[in-house]
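So the chains spell out like this:
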Amino acid sequence: MPIKKGSVVMRVDISSNGLGTFIPDKRFQMNINGFLKRDRDNNIQFTVGEKLFNLMPQYFVGVSSRPLWHTVDQSPVLILGGIPNEKYVLMTDTSFKDFSLVELSIDSCWVGSFYCPHSGFTATIYDTIATESTLFIRQNQLVYYFTGTYTTLYERNRGSGSWVRVLASECIKKLCPVYFHSNGSEYIMALTTGKHEGYVHFGTIRDGQVSFEMLPRQWSVCEQIGVTTCSIIWSEYIAGEYTLLLLVESGYGNASKRFQVVSYNTGNEGDARGWAQRGRIPDSRGLEFLMILGTESYTSTAMAPKGIFCNPYNNLIFIWGNFLLQSSNKENFIYLADFPKELSIKYMARSFHGAVAIVTETEEIWYLLEGSYRVYQLFPSKGWQVHISLKLMQQSSLYASNETMLTLFYEDSKLYQLVYLMNNQKGQLVKRLVPVEQLLMYQQHTSHYDLERKGGYLMLSFIDFCPFSVMRLRSLPRPQRYTRQERYRARPPRVLERSGFHNENSLAIYQGLVYYLLWLHSVYDKPYADPVHDPTWRWWANNKQDQDYYFFLASNWRSAGGVSIEMDSYEKIYNLESAYELPERIFLDKGTEYSFAIFLSAQGRSFRTQAELGTVFQLHSQVDVGVVLADPGCIEASVKQEVLINRNSVLFSITLKDKKLCYDQGISGHHLMKTSMTVNVVGSSGLCFQETHLGPHMQGNLMVPVFIGCPPGKRLAFDITYTLEYSRLKNKHYFDCVNVNPEMPCFLFRDIFYPFFLIQDLVTGDSGSFQGSYVLLVVGGGPTLDSLKDYSEDEIYRFNSPLDKTNSLIWTTRTTRTTKDSAFHIMSHESPGIEWLCLENAPCYDNVPQGIFAPEFFFKVLVNCGLCTLSCANSLLILCSLQVSASVFVGLVIFYIAFCLLWPLVVKGCTMIRWKINNLIASESYYTYASISGISSVPSLRHSRMGSMFSSRMTEDRAEPKEAVERQLMT
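Residue numbering note: each chain is counted from 1, following its sequence as written. Thresholds applied to this predicted model are a pLDDT of at least 70 for local features of residues and 80 or more for the giving and counting of side-chain atom pairs; totals over whole chains, interfaces and linings are not thresholded and use all residues. Note: side-chain values were computed over all heavy atoms of the structure, leaving out hydrogens and water.

Overview of the overall build of the protein chain
Across its full length, the protein chain carries 13 helices and 62 strands. Counting the 971 residues in the protein chain, one finds 49% classified as buried. Within the protein chain, counting contacts between residues at least 6 apart in sequence, those at least 24 apart form 59% of the total. As presented, the protein chain carries roughly 48,700 Å² of accessible surface, and 53% of it is formed by carbon and sulfur atoms. What counts as a helix is a DSSP run of H or I of at least four residues, what counts as a strand is a run of E of at least two, and both are numbered from the N terminus. Only protein chains enter the accessibility calculation, which uses a 1.4 Å probe; a residue is then buried when its area is under 20% of its type maximum, exposed when over 50%, and partly exposed in between. For this analysis, residues touch if any pair of their heavy atoms sits within 4.5 Å. Using the Shrake-Rupley algorithm and a 1.4 Å probe, accessible areas are obtained, with residue cover drawn only from the displayed protein chains.

Topic: the packing of helix 3 (residues 382–393) against helix 4 (residues 436–447)
Between the N-to-C directions of two axes lies an angle of 0 to 180 degrees, each axis being a line fitted to C-alpha atoms and, for a helix, fitted only over the stretch in contact. Running from N to C, helix 3 and helix 4 point in directions that differ by 115°, and their axes come no closer than 7 Å. Considering the angle they form, helix 3 stands roughly perpendicular to helix 4. You can see that helix 3 and helix 4 cross each other, and the crossing is right-handed. Taking contact as the criterion, the partners of Lys382, Gly383, Trp384, Val386, His387 and Leu390 in helix 3 are, on helix 4, Leu439, Tyr442, Gln443 and Thr446. Taken together, the residues of the contact of helix 3 with helix 4 sort by class into five nonpolar, four polar and one charged. Angle categories are assigned with fixed cut-offs, so that under 35 degrees is roughly parallel, over 145 is roughly antiparallel, 65 to 115 is roughly perpendicular, and the rest are oblique. By the definition used in this description, the sense in which the near helix is turned from the far one sets the handedness, with an anticlockwise turn below a right angle giving left-handed and a clockwise turn giving right-handed. Throughout this entry, Asp, Glu, Lys and Arg are counted as charged residues, while Ala, Val, Leu, Ile, Met, Phe, Trp, Tyr, Cys and Pro are counted as nonpolar. The remaining residues, Gly among them, count as polar.

What to know about helix 9 (residues 720–731)
For a helix, the expected span equals 1.5 Å multiplied by the number of residues minus one. The end-to-end C-alpha distance of helix 9, which contains twelve residues, comes to 16 Å, matching closely the 16 Å that a straight helix rising 1.5 Å per residue would cover. Within helix 9, the full set of buried residues consists of Ile720, Thr723, Tyr726, Ser727, Lys730 and Asn731. Buried positions in helix 9, seen along its axis, are confined to an arc of 140° and lie on one side of it. Close packing links the buried residues of helix 9 with strand 53 (714–718) and strand 54 (746–748). Lys732 sits one or two residues past helix 9 and shows a positive phi near 60°. For this quantity, the arc is that covered by the directions from the helix axis to the C-beta atoms.

Considerations on the state of the cysteines
By convention in this document, the label disulfide applies to cysteine sulfur atom pairs within 2.5 Å. In total, this model carries four disulfides according to the counting rule given. Between the sulfur atoms of Cys466 and its disulfide partner Cys688 the distance amounts to 2.0 Å. A torsion of 105° about the S-S bond marks the disulfide between Cys466 and Cys688 as right-handed. With Cys466 in the loop between strand 36 (457–462) and strand 37 (468–474) and Cys688 in the loop between strand 49 (673–681) and strand 50 (689–692), this pair connects stretches of sequence that are 222 residues apart. Per residue, the accessibility class of Cys466 equals that of Cys688, and both read buried. In this model Cys838 forms its disulfide with Cys844; the gap between the sulfur atoms is 2.0 Å.

Focus: the pairing of strand 24 (residues 307–311)
The element strand 24 is extensively covered by neighbouring structure, given that five of its five residues are classed as buried. Every second residue of strand 24 is oriented toward a common face, with Gly307, Phe309 and Asn311 on one face and Ile308 and Cys310 on the other, all of them buried. Once strand 24 ends, the chain turns through four residues before running back antiparallel as strand 25 (residues 316–320), passing Asn315 with a positive phi of about 65°. Strands are treated as partners if at least two bridges between them are detected by DSSP.

Thoughts on a nonpolar patch on the surface
Side chains of Tyr449, Leu451, Leu458, Leu460 and Phe462 sit close together on the surface and give an oily, nonpolar patch of about 520 Å² of accessible area. Looking at the nonpolar patch, the elements with two or more residues in it are strand 35 (449–454) and strand 36. The element contributing the most residues to the nonpolar patch is strand 36, with three residues. With respect to the helices, strands and loops of the structure, Leu451 is situated in strand 35. Using a relative accessible area of 55% as the deciding quantity, one classes Leu451 as exposed. The patches described consist of residues with a relative accessible area above 30% and no salt bridge, like charges being joined within 9 Å and nonpolar side chains (Val, Leu, Ile, Met, Phe, Trp, Tyr) within 5 Å. A side-chain nitrogen of Lys or Arg and a carboxyl oxygen of Asp or Glu constitute a salt bridge if their distance falls within 4 Å.

Digging into helix 10 (residues 793–800)
In an α-helix there are 3.6 residues to a turn, and that puts residues three or four apart on one side. The complete set of buried residues in helix 10 reads Glu795, Ile796, Phe799 and Asn800. Taken end-on, helix 10 shows its buried residues confined to a sector of 110°, consistent with a single buried face. Each element contacted by the buried residues of helix 10 is listed here: strand 57 (775–782), strand 58 (789–790) and strand 59 (811–812).

Focus on the environment of Thr764
Relative to the helices and strands, Thr764 is located in the loop between strand 55 (757–761) and strand 56 (767–769). Exposure remark for Thr764: the relative accessible area of 12% places this residue in the buried category. Distance in space between the C-alpha atoms of Thr764 and Arg487 is 9.9 Å, their sequence separation being 277 residues. Each residue touching Thr764, except ones within four places of it in the same chain, is listed here: Arg481, Arg484 and Tyr574. In this structure the side chain of Thr764 is engaged in a polar contact, spanning 3.1 Å, whose partner is the side chain of Asp766. For this analysis, a polar contact is any N or O atom pair within 3.5 Å, provided that within protein one partner can donate a hydrogen and the other can accept it, and provided that sequence-adjacent residues contribute only side-chain to side-chain pairs.

What about the packing of aromatic side chains?
Under the pairing criterion, centres of Phe, Tyr and Trp rings, with the six-membered ring standing for Trp, must be within 6.5 Å; the plane angle then separates stacked pairs below 30 degrees from edge-to-face pairs above 60, leaving the rest tilted. Per the stated rule, a full pass over the model turns up 40 aromatic pairs. Each ring, one from Phe409 and one from Tyr416, has its centre 6.1 Å from the other, and the planes form 20°; the classification is stacked. Take Phe409 and Tyr416: they sit in the same class, and that class is buried. Summarising the aromatic geometry, the rings of Tyr726 and Phe756 are spaced 5.2 Å apart at their centres and angled 70° between planes, so their arrangement reads as edge-to-face. Linking Tyr726 in helix 9 with Phe756 in the loop between strand 54 and strand 55, this pair joins segments that are 30 residues apart in sequence. The structure contains a cluster of three or more aromatic residues connected by ring pairs, namely Tyr179, Phe180, Phe309, Tyr313, Phe318, Phe352, Phe587 and Phe707. Over the ring of Tyr416 we find Lys431, and its NZ or CZ is 4.7 Å from the ring centre. Think of it as a cone above the ring: NZ of Lys or CZ of Arg counts as a charge over the ring if it is within 6 Å of the ring centre and within 35 degrees of the ring normal.

What follows is the structure in structure tokens.
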């Protein structure tokens, strides 16, 4: 079974004799004699479902079950426990329907020393972190990473030998994941103990290469916070800010321990700040939350911090242990008192869409909406009892009376469990959805209800705490401009059989059509613009005229292959309608905005009148909406309220707009700033639900991640069509390449080059002329495509800069605008064009023809619009061919041939004339001899004409002044 991204790796810890009882949780005791046993040869048999694995080792060493970290896409990662010198990994896909057992051939040697105690030795693999390209594991203090691909991980012949040990001289106590990569790199962090206590080993994965750097570089964290010893409990990296958040525990002599949050900027060594917290849990005195100001009273329960979690979209930070602290600015913290101090958090599952799930050391599950202050207990709870009772009555295969949760994780913003079920002494591993909304509804209904007697019966009614009865989204714009998702329509071909059912032949054709459509999509992202801005244009460009003929064949059941393919069934979609819900994410370009409306029908009578000074009575609604922006300095929001009293409703119109202050000019889709917008209906958190065909859906709390900057899917493209058309118009003659290549235009050396560019949106289909400024540089070249090479920085300067004094310029222009250092010209669509020079020290100077056709020289041209007014600093590389005029060259060849044929006659005639002149003029002789032997050398001809050509052509302009027109007419 191939293992791909998102695959799940499971760890099962087993007692030393492989028999008896497996107790991962004090509340569950599960006999696993049928699940794990020894055979007659004392080998261990491991059974998952109907699959049986024979394990050769004699015994296992393990500890109680503990979940490990998750992959980047939130899939769980667990490891099967091993034995000394032998480790096994059980891998399964996310459906948990197939399993593979892998052999980990890694050493288990213990680097014993005074800073790495030997008493903690075990063969269990504790930490596992899977990035998109690399798998890391920690066993004891040893760290390994897999150098192959996930496909080869399970292969016995080469999978086991691909593990590489890193940080060999360090005593690693924990691996910390980094959920978001940046700058083309993935990251991981290793916390150390012993001689390098107070430092973090920061790992970078780029192009399959793994490297570690010890941070901070010049001092330890302990020195920075002014203590002699400290311990880093957890590390969180915010990629967009290049910031490490370190959870540090320290002790001051005999005093109680304290912990601090230290912020360290990896780009600025001196930028490190810390915020200290007392060592005891605050006394909330019955409040849901408490602002930590330093003046509050404290309980006798000591704080035991375990981790820190930062959401880069809304800038919320959580510090968790046997308490839960929340902050939106890394300085001021709020204590969430709903979470009991008697419990201790084991880990937190992150959705990055406004919801967080919490798992305690006793396997309890709690739920929190980010930005709110209420923490809800999902398991165990009354709501869970109702839910599981109903599922057992329905005889659902995903539930059992005897079950154990292995881990909890988010996938596509939904919460899932990985659960081991035991039915009739048979074990089963399942992945199931945690119905958060259903559990909260059951919890609410079982706690708040009324029994009202009507006649002879008691009527049950539930109390609805939601402030509104209906909530709908309206006036939503078409989503593609903001989601940046490209979509295609690809309908299957019509089968020309009476049954109408598809067969292997028609399905194979459909698969080929879809594959070809995806190939067209991949190759369309290029520096050249097609005549039609659509990837599918080339597919049907030559067949559209015969569309009626193909329809005739299909109507008479005469189409080839027994299927009919409609050209209009394969196209790109640019006008997708909204699905009446907010997008999963929003991209905002410089100064753009996103608008929508929320329609709320209030519960009962929720309107009141209020008299204001000097005005008539104003109507006010008690249903309010709040908009929270993670970065109000970068984006702004406006809310307009319209009361619809006849419908007992309110309409809130919300507009989110970029303030043009926090963008960074970069390539499309890169260097985007993460932020978010949260819309809350006051008093609705965890209380409002909408029944849908997919079950209940939580309402009243909307969180949308927002990306600021140049959105993906925009590009700067070379407009070949208009460039060639305009060049023919201005240069007043038709020209075509000897070898026509639609992806590589060619131009004459003697012609002025007028380049034009397009700004194209691959998502919306918008395409328009680029009106901004750009810098054009020749960065590579060669007489043939095979000999084309990239120029060095020094060569690029000499070949393109007007300041060059080495006689190496390739081109020049009349444009006087330059960069600040005057090194290069700044061009625009109004520039007078480019004059090709190819001076003596330029690479295109001595270009000798290889045959009867005009010589060519290929240029690689870089166009950078980093100075444009958009947030996109796009650049593109184009290849163009420069040719000497074919008419001039062919004329020279013909003249040379004629010259060779007539030369004897010319010599004879000259001899006779000389004889007669000598006879006529005795005192004075006149001798004339014309040598044209070098006329076929194109560089020589070019060199002799260079001065006159440059002076005459540079007087021309695209607007063609009156004097030039008059001169042409006189000619």
